[in-house]
Amino acid sequence: MAILFVGTRPAETVVPPGLRVGVLALQGDFREHAQVLRKLGANVDLVRRPEELDHIDGLVIPGGESSVMDKLARTFGLAEPLKAAIRAGLPVYGTCAGLIMLADTILDGMNGQQGFGGLDIAVRRNAFGSQTASFETDLDIPALGAEPVHAVFIRAPVVETVGAGATALAILDDGRCVAVEQGNLLGTSFHPEITGEYRFHQYFLQKLVAAAR
Ligand code: GLN
């Protein structure tokens, strides 16, 4: 995966100095998320162990491979405490594999694959086909302002069912949903962290700041 920052200027920082944003660092492109969050003025903690959940005010789950993330989270004893933290209202933003981890229902999962849940959605893994089916497009996302979001999809999932508790934020031209939110939870099928698009992280930080009040 090519990692390119094209240099969009971050919006003004909204994060009070005491807040800490975790990035789940078991697997995947957690470094890119940490870089975006730091550019937005956040203190970032990489999270690999259950006790590290105690010190964070919100968590980003990166893109990568959800079945591997699931196995590692269970092996390291992170899965259950993280599920409990999500139920208790921890703000969490998941991109791609991270969105899959946040879905209450995973379609086309590996045998026995589990997620953390929290979003009242059904997500289908690899919904656009294999690696070669990766693509880029511009999305209108009114919640983030008038300027379209340039979105990169890499072996991406789609949100096949949006339950009553969740809200669709972005829809492809063919009608498929690729971004959702529900209370303190946010999820995108695509990867803002690799395109210099800061608005999703900014939007997430606003949820985090509001939840910490
Ligand atoms: N296909 C991957 C999965 O199932 C997600 C790909 C990504 O995060 N870029 O987890």
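Here goes a summary of the coordinates provided. Source: prediction; values computed, not measured.

Observations concerning the pattern of salt bridges
Side-chain pairs of opposite charge can arise whenever the charged atoms involved come near each other.
Piece 1. Applying the stated criterion across every chain, the model contains twelve salt bridges.
Piece 2. Across the salt bridge formed by Asp45 and Arg20, the nearest N and O atoms sit 2.9 Å from each other. Linking Asp45 in strand β2 (residues 43-47) with Arg20 in strand β1 (residues 20-24), this pair joins segments that are 25 residues apart in sequence.
Piece 3. Asp45 sits in the buried class, given a relative accessible area of 18%.
Piece 4. With a shortest N-O distance of 2.6 Å, Glu181 and Lys207 are connected by a salt bridge. Within this pair, whereas Glu181 is found in strand β11 (residues 177-182), its partner Lys207 is found in helix α5 (residues 199-212), the two being separated by 26 residues in sequence. We note that Glu181, like Lys207, is buried.
Piece 5. Overlapping salt bridges, with partners in common, bring together Arg49, Glu51 and Glu52 in one network.

Concerning the packing of aromatic side chains
Piece 1. One pass over the structure, following the stated rule, counts seven aromatic pairs.
Piece 2. A ring pair is formed by Phe128 and Phe135, whose centres lie 5.0 Å apart and whose planes are at 65°; its orientation type is edge-to-face.
Piece 3. In this structure Phe128 comes out as buried when scored by relative accessible area, which is 16%.
Piece 4. By relative accessible area, which is 26% here, Phe135 ends up partly exposed.
Piece 5. Among the aromatic residues, those joined into a cluster by ring pairs are Tyr93, Phe128, Phe135, Phe153, Phe190, Phe200 and Phe204.

About the cut-offs
- Residues numbered from 1 in each chain as written.
- Predicted model: local features only at pLDDT ≥ 70, side-chain atom pairs only at ≥ 80, totals over all residues.
- Heavy atoms only, no water.
- Salt bridge = Lys/Arg side-chain N within 4 Å of Asp/Glu carboxyl O.
- Helix = DSSP H or I, 4+ residues; strand = E, 2+ residues; numbered from the N terminus.
- Buried < 20%, exposed > 50% of the residue type's maximum accessible area, 1.4 Å probe, protein only.
- Phe/Tyr/Trp six-rings, centres within 6.5 Å; stacked < 30°, edge-to-face > 60°.

Keep in mind that these numbers describe shape and distance, not what the molecule does.
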